[in-house]
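# Structural description and commentary
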Amino acid sequence: MGLVLRFLTAGESHGPGLTVVVDGLPAGVPVEREAIDADLRRRQGGYGRGGRMKIETDAVEILSGVRHGRSLGSPVSLVVRNRDHENWADVMSPDPQPASARERRRLRYPRPGHADLAGALKYGTDDLRNVLERASARETTARVAAGALAKALLRATGTEVRSHVVRIGRAGMPEGLVAWEALDCVEESPVRCVDAAAAEAMIAEIDRAKKDGDTVGGVVEVIARGAPPGLGSYVQWDRRLDGRIAQALMSIHAVKAVAIGEGFAGGVTRGSLFHDEILWDAGTGLERPTNRAGGLEGGVTNGEEVRALAVVKPIPTLLIALRSVDLATKEPQKASVERSDTCVVPAAGVVAEAMLALVLADALLEKTGGDSLDEVLAHLEATRAGQARLAGPR
Ligand SMILES: Cc1cc2nc3c(=O)[nH]c(=O)nc-3n(C[C@H](O)[C@H](O)[C@H](O)COP(=O)(O)O)c2cc1C
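The text that follows walks through the structure, step by step, so that each part is easy to find. (Residues numbered from 1 in each chain as written. Predicted model: local features only at pLDDT ≥ 70, side-chain atom pairs only at ≥ 80, totals over all residues. Heavy atoms only, no water.)

A cluster of nonpolar residues, Ile 278, Trp 280 and Leu 286, forms a patch on the protein surface that exposes about 330 Å² of accessible area. Note that Ile 278 resides in the loop between α9 (271–274) and β11 (279–281). (Patch = residues over 30% accessible without salt bridge, like charges linked within 9 Å, V, L, I, M, F, W, Y side chains within 5 Å. Areas by Shrake-Rupley, 256 points an atom, 1.4 Å probe, with all protein chains shown as cover. Salt bridge = Lys/Arg side-chain N within 4 Å of Asp/Glu carboxyl O. Helix = DSSP H or I, 4+ residues; strand = E, 2+ residues; numbered from the N terminus.)

The following block contains the structure:
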């Protein structure tokens, strides 16, 4: 939960829709419905998605907090309807239904790697439908919608957020940092990978997994350019921005590891080759020739691009179902199979953008305060002037 910009999502995967309330967005931020829908579409895309994504073409409804294309400073509430819900009206009805409605889509055999078993134990139900409906990554639709609002605020203050796929299964990008400009064409790739040969190998990985009835994971990188220095703080553990970003990314379904910058290499590289030296150029001011730290030192943004990697596990619904148990009879069973994707790594990158944008927007507002975009911009300008005295023009 953000300190200033807060949001809560609600909604089940096959319920009427996904809802999010975003509180703390200043007044005057330009909000375009089309920009939110564009991100929703990107979340639904990517090579390796299954049948559900063909049913749903997500479109946002803005219920409050925006008037004539600008935020009002009041809570923004957004809804994305589940078009598939009409086929599930009785199964998901809030009102009592005949037993047939409960039985029709009942899930009996918990899928290893899903929330099915842990959720059943937690909430005391043997109807796994009650767990998976909310545990499903369909919830990330609401996050992406909220993230589009955060992106709008960031964009108005000069910060952009992008993502790309670094690895799918055994197919990875060549070593080395991917330049921001190279990401211009990322949406042209069906796997959202900017290296054509790597993208081809990634598609082949997905095809192989699909043919085997299996799934495949990967790694995404999410990058923010233009974030002002000084977001986050080292003064308390919960204000460190590296920790807040890691939590936000780790909270995405199927994300199992997060690194800031080249964090994964930190365990094997010597300090002299790991840290980013500080140079002075009389014309442009302080310079960092490398950015292995991913724009964060001491949990504070240092003005470089904020970069984080997230490892996405292979999704747990498999056609070649793993061993499980019937929770009612305790008989061995193959895990239930729900309509599913083969690979969600490209989509996870879009969700990661939303989460990074929400954390950065929150940290920005925490630094600047302000009830309106104009107040935020005025504070930012004063902050930048102060920083220029230390760091040069940049
Ligand atoms: C965008 C996205 C789509 C996903 N779609 C599916 C899916 O179709 N089938 C599936 O089994 N898991 C899917 N997952 C992963 C599960 O939601 C996730 O593994 C599950 O909720 C358990 O959470 P955990 O993996 O974080 O422990 C998806 C994840 C993301 C980010």
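There is more to say after this.
Both faces of the sheet carry side chains from a regular strand, because those side chains alternate between them. Bridge analysis of strand β1 (residues 6–10) against strand β2 (residues 17–23) gives 5 bridges, and the strand direction is antiparallel. In the strand pairing of β2, Phe 7 is matched with Val 22. In textbook terms, the turn of a hairpin is the stretch between consecutive antiparallel strands, and for β1 and β2 this stretch comprises 6 residues, one of which, Gly 11, has a positive phi near 130 degrees. (Pairing = 2+ DSSP bridges.)

A few words now on the site of the ligand. The immediate surroundings of the ligand are formed by 17 residues, with His 114, Ala 254, Lys 313, Thr 317 and Ser 340 found nearest. At 3.3 Å from an oxygen atom of the ligand is found a main-chain nitrogen or oxygen belonging to Ala 135. A distance of 3.2 Å separates an oxygen atom of the ligand from a polar atom in the side chain of Asp 341. When the ligand sits alone it has 630 Å² of accessible area, and the protein chains cover 86% of it. For the shell around the ligand, the per-class residue count stands at 8 nonpolar, 5 polar and 4 charged. (Near = heavy atom within 4 Å. Polar contact = N/O pair within 3.5 Å; in protein donor to acceptor, adjacent residues only side chain to side chain. Nonpolar A, V, L, I, M, F, W, Y, C, P; charged D, E, K, R; others polar.)

Our next topic: unusual backbone geometry. With a phi angle near 55 degrees, Arg 192 is a residue other than glycine that sits in the positive phi range. If you trace the backbone, Arg 192 turns up in the loop between β8 (171–172) and α7 (196–211). Phi is positive for Ala 254, close to 80 degrees, though the residue is something other than glycine. Mapped onto the secondary structure, Ala 254 falls in the loop between α8 (241–250) and β10 (255–260). According to the relative accessible area criterion, Ala 254 is buried, its value standing at 15%. (Buried < 20%, exposed > 50% of the residue type's maximum accessible area, 1.4 Å probe, protein only.)

Here the focus is the pairing of strand β9 (residues 218–225). Of all 8 residues in β9, 7 are buried; the element is thus mostly enclosed. Judged from the 8 bridges that link them, strand β7 (residues 160–168) and β9 form a sheet pairing that is antiparallel. Among the inter-strand pairings, Glu 160 is bridged to a residue of β9, identified as Arg 225.

A few words on the side chain of Arg 106. As for its placement among the helices and strands, Arg 106 is situated in the loop between α3 (99–104) and α4 (116–123). Among the residues examined, Arg 106 registers a relative accessible area of 18% and is labelled buried. Here Glu 103 takes part through its side chain, which lies 3.0 Å from a polar atom of the side chain of Arg 106. For Arg 106, the side chain forms a polar contact with the side chain of Asp 126, separated by 3.3 Å.

Next up on the list: the environment of Leu 177. Note on placement: Leu 177 falls in the loop between β8 and α7. Sequence-wise, Leu 177 and Leu 231 are 54 residues apart; in three dimensions their C-alpha atoms are separated by 23 Å. Sequence-distant contacts of Leu 177, that is, excluding residues within four places in its chain, are made with Glu 262 and Arg 307. (Contact = heavy atoms within 4.5 Å.)

On to α8, then. Taken together, the buried positions of α8 are Leu 241, Asp 242, Arg 244, Ile 245, Ala 248 and Leu 249. Viewed end-on, α8 has its buried residues packed into an arc of 165 degrees, placing them on one side of the element. (Arc of directions from axis to C-beta.)

Moving on, we come to the packing of aromatic side chains. Note on aromatic pairs: each is described by the distance of the centres and the angle between the planes. In total, this model carries 0 aromatic pairs according to the counting rule given. Across from the ring centre of Trp 88, 4.1 Å away, lies the NZ or CZ of Arg 105, which sits over that ring. A cation over a ring is seen here: Lys 122 above Tyr 123, with NZ or CZ 5.3 Å from the ring centre. (Phe/Tyr/Trp six-rings, centres within 6.5 Å; stacked < 30°, edge-to-face > 60°. Lys NZ or Arg CZ within 6 Å of the ring centre and 35° of its normal.)

This part takes up the sheet that holds β1. Taken together, 4 strands build an open sheet; the order of strands is β1-β2-β6-β3 and the sheet is antiparallel. A single partner strand is all that each edge strand has here, and the edge strands are β1 and β3 (60–64). Strand after strand, the sheet turns through a mean of 20 degrees between neighbouring axes, direction not considered. Running over the sheet, helix α6 (residues 140–156) touches β1, β2 and β6 (76–81) and is turned about 35 degrees from β2. (Axes fitted to C-alpha atoms, helices over the stretch in contact; angles between N-to-C directions.)

So, about the state of the cysteines. Across all of its chains, the model carries 0 disulfides by this definition. No disulfide involves Cys 185; its nearest neighbouring cysteine sulfur is the one of Cys 193, lying 9.6 Å away. On the accessibility criterion, Cys 185 (33% relative accessible area) is partly exposed. (Disulfide = S-S within 2.5 Å.)

Now for the sheet that holds β7. The strand order across the open sheet built from 5 strands is β8-β7-β9-β15-β10, with neighbouring strands paired in antiparallel fashion. What marks the edges here is a single partner per strand, and that holds for β8 and β10. Two elements, β7 and β8, share 2 bridges in a ladder whose sense is antiparallel. When the sheet's bridge partners are listed, Arg 167 is paired in β8 with Gly 172. Contacts from α8 reach β9, β10 and β15 (306–312) within the one sheet, and its direction differs from that of β10 by about 155 degrees.

Our next topic: the nonpolar core. With 84 residues, the main nonpolar core has Ile 168, Met 202 and Ile 245 as its most contacted residues. Of all the elements, helix α10 (residues 345–368) adds the most residues to this core, at 16 residues. Excluding residues within four positions of it along the chain, Ile 245 makes contact with Ile 260, Leu 296, Val 306, Ala 308, Leu 356 and Val 359. (Core = buried A, V, L, I, M, F, W, Y, C linked by side-chain atoms within 4.5 Å.)

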